[in-house]
Amino acid sequence: MAFFVLSRVSRRLLKPTVSATLSVFHSQQHIYLSTPVTITHYINPLSKYTLWNHHNHQANRLVAGMWSSSLVLERGRQEMSGFGGVKEDSSWIDLYLPERARGYAKLARLDKPIGTWLLAWPCMWSIALAADPGSLPSFKMMGLFGCGAILLRGAGCTINDLLDQDIDTKVDRTRLRPIASGLLTPFQGLQFLVLQLLLGLGILLQLNNYSRLLGASSLFLVFSYPLMKRFTFWPQAFLGLTINWGALLGWAAVKGSVEPAVVLPLYLSGICWTLVYDTIYAHQDKEDDVKVGVKSTALRFGDNTKLWLTGFGTASMGLLALSGLSADLGWQYYASLVAASGQLGWQIGTADFSSRPDCSRKFVSNKWFGAIIFSGVVLGRSFQ
């Protein structure tokens, strides 16, 4: 099913590749070349003449013609970041990676690791729950799932950007993404997606047969989630189903099967948690979403958002407690739930849904929520 969807996506995306890329190239080249060109002069002390006079050649377009198209696109993209209120901050990718690799690293969101943390934490909770009483979680499994989280999160972002390139160009926060801006073509994105999925398959094959089947079954959710905002006001619920799959898979990778009394409450709690943090995140784009015509829980909940999020947050904490009871964890786990409840309550209570920076800060803070729960599971299991 996943390969069928992938083939449909490729046929849809590759058709406009050449024309879209050329139009972006010419528009960005025009923007870049509209900026005065400063030329450095090197004077040979043995010569009587200056090789170049910048006053006479200030707009010399031959300089731009000597650059590769990728360099023009990247610099034009940087020039465009100042237009329309959109600004792209430099990251370690721009400082340390080769220029040809930057677009792919940004496509996988390697400069924004919060998505990887949110995908990894339910896996780590489950692996820690599956540890024997008095024991620490398997470091091998945590390493495998950590690498898998990086790859699967990157693949999910690539799928999202391939399917949403027409939408991303209309949203301030997303218009500079590699495919939407023309830094990468859809075909390059598709090639990168295949590479990520193959590497992810290599990690999945390290697990037992039960886990392989369970992990492969999540691909339908991975491919279908980006489309949900076109059809329902609840795409955040579908994200929860997708991103928390590791709550089932982590236990299965250690035990070879699933214990419903433990992992189902854990999985459902993760879905409720996702509805909290991704609704906060969605409030950043609600004005653009209305213009573009896509849906979200931020639009669905409106002025009642905090009431809805309080309900989902309460349900998440209750389900986490139920999972801990089924796993017979020690009191340390429940102490961590108290701390995590405070962190979640702070997010909901102080969130300013009219401020994009505040919504972003609250969203990113969920890495600490996940860390608190994980430490509680480890302590509650280790001191049994």
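To be clear, the structure that these remarks concern was listed above.
Summary of the structure given here. Keep in mind that this is a model prediction, so the values were computed, not measured.

Conventions we followed
Residues numbered from 1 in each chain as written. Predicted model: local features only at pLDDT ≥ 70, side-chain atom pairs only at ≥ 80, totals over all residues. Heavy atoms only, no water. Helix = DSSP H or I, 4+ residues; strand = E, 2+ residues; numbered from the N terminus. Buried < 20%, exposed > 50% of the residue type's maximum accessible area, 1.4 Å probe, protein only. Contact = heavy atoms within 4.5 Å. Areas by Shrake-Rupley, 256 points an atom, 1.4 Å probe, with all protein chains shown as cover. Polar contact = N/O pair within 3.5 Å; in protein donor to acceptor, adjacent residues only side chain to side chain. Phe/Tyr/Trp six-rings, centres within 6.5 Å; stacked < 30°, edge-to-face > 60°. Patch = residues over 30% accessible without salt bridge, like charges linked within 9 Å, V, L, I, M, F, W, Y side chains within 5 Å. Salt bridge = Lys/Arg side-chain N within 4 Å of Asp/Glu carboxyl O. Axes fitted to C-alpha atoms, helices over the stretch in contact; angles between N-to-C directions. Parallel < 35°, antiparallel > 145°, perpendicular 65-115°, else oblique. Left-handed = near helix turned anticlockwise from the far one by under 90°. Nonpolar A, V, L, I, M, F, W, Y, C, P; charged D, E, K, R; others polar. Core = buried A, V, L, I, M, F, W, Y, C linked by side-chain atoms within 4.5 Å.

Another point: the overall build of the protein chain. Within the protein chain, the regular secondary structure consists of 22 helices and zero strands. Residues counted as buried form 49% of the 384 residues belonging to the protein chain. Considering only contacts in the protein chain between residues 6 or more positions apart, those separated by 24 or more positions represent 74%. Carbon and sulfur atoms provide 65% of the accessible area of the protein chain, an area that totals close to 19,000 Å².

This paragraph deals with the environment of T174. Inspection of the secondary structure assignment puts T174 in the loop between α9 (165-168) and α10 (178-181). When the C-alpha positions of T174 and D164 are compared, they lie 9.8 Å apart, and in sequence the two are 10 residues distant. If sequence neighbours within four positions are ignored, T174 has contacts with D168 and A180. Within the structure, the side chain of T174 is placed 3.0 Å from the backbone oxygen of D168, a separation counted as a polar contact.

Bringing the packing of aromatic side chains into the picture now. The way to describe two aromatic rings as a pair is by their centre distance and the angle between their planes. Scanning the entire structure with this criterion turns up 16 aromatic pairs. Measuring from ring centre to ring centre gives 5.3 Å for Y104 and F192, while their planes differ by 55°; the resulting arrangement is tilted. On the criterion of sequence distance, the pair formed by Y104 in helix α6 (residues 99-107) and F192 in helix α11 (residues 186-204) is long-range, its members being 88 residues apart. On the basis of relative accessibility, which here comes to 23%, the residue Y104 falls in the partly exposed class. One aromatic cluster in this structure is built from W125, W273, Y277, Y281, F363 and F369.

Here we take up a nonpolar patch on the surface. On the surface, a nonpolar cluster with roughly 560 Å² of combined accessible area is contributed by W92, L95, Y96, L110 and I150. For the nonpolar patch, the element with the highest residue contribution is helix α5 (residues 92-96), accounting for three residues. Secondary-structure assignment places Y96 in helix α5.

What the rule picks out here adds up to 13 salt bridges. When the shortest N-O distance is used, the salt bridge between D172 and R175 registers 2.8 Å. Residue D172 is classed as partly exposed on the basis of its relative accessible area, which comes to 25%. The class of R175 is partly exposed, set by a relative accessible area of 29%. In this structure, R173 engages D285 in a salt bridge whose closest nitrogen and oxygen atoms are separated by 2.3 Å. With a gap of 112 residues between them, R173 in the loop between α9 and α10 and D285 in the loop between α16 (260-282) and α17 (286-292) connect regions that are remote in the sequence. Note on R173: relative accessible area 31%, which makes it partly exposed. Judged by its relative accessible area of 7%, D285 is buried. By sharing partners, the salt bridges in this structure join R109, D161, D168 and R177 into a single network.

The spacing of D285 and R356 is 71 residues in sequence and 8.2 Å in space, taken between C-alpha atoms. Sequence-distant contacts of D285, that is, excluding residues within four places in its chain, are made with V171 and R173.

Right, let's talk about the packing of α16 against helix α21 (residues 356-364) for a bit. It is at 8 Å that the axes of α16 and α21 come closest, and there the two elements cross at 160°. Classified by the angle between their axes, α16 and α21 sit roughly antiparallel to one another. Both α16 and α21 take part in a crossing whose hand is left-handed. Here Y277, D278, I280 and Y281 of α16 lie close against α21, whose contacting residues are C359, K362 and F363. Of the residues contributing to the contact of α16 with α21, the split by class is five nonpolar, no polar and two charged.

Residues other than glycine seldom take positive phi values, yet R109 does so here, at roughly 60°. On the secondary structure map, R109 appears in the loop between α6 and α7 (114-129). Notably, D328 is not glycine yet its phi reads approximately 60°, a positive angle. Mapped onto the elements of the fold, D328 is located in the loop between α19 (305-327) and α20 (331-350).

Further remarks concern the nonpolar core. Within soluble globular proteins, side chains that are nonpolar generally end up buried alongside one another. Residues W125, F145, L320 and F369 are the most contacted members of the largest nonpolar core, which totals 66 residues. One finds L163, I179, L184 and F223 within the second-largest nonpolar core, a separate group that totals 13 residues.

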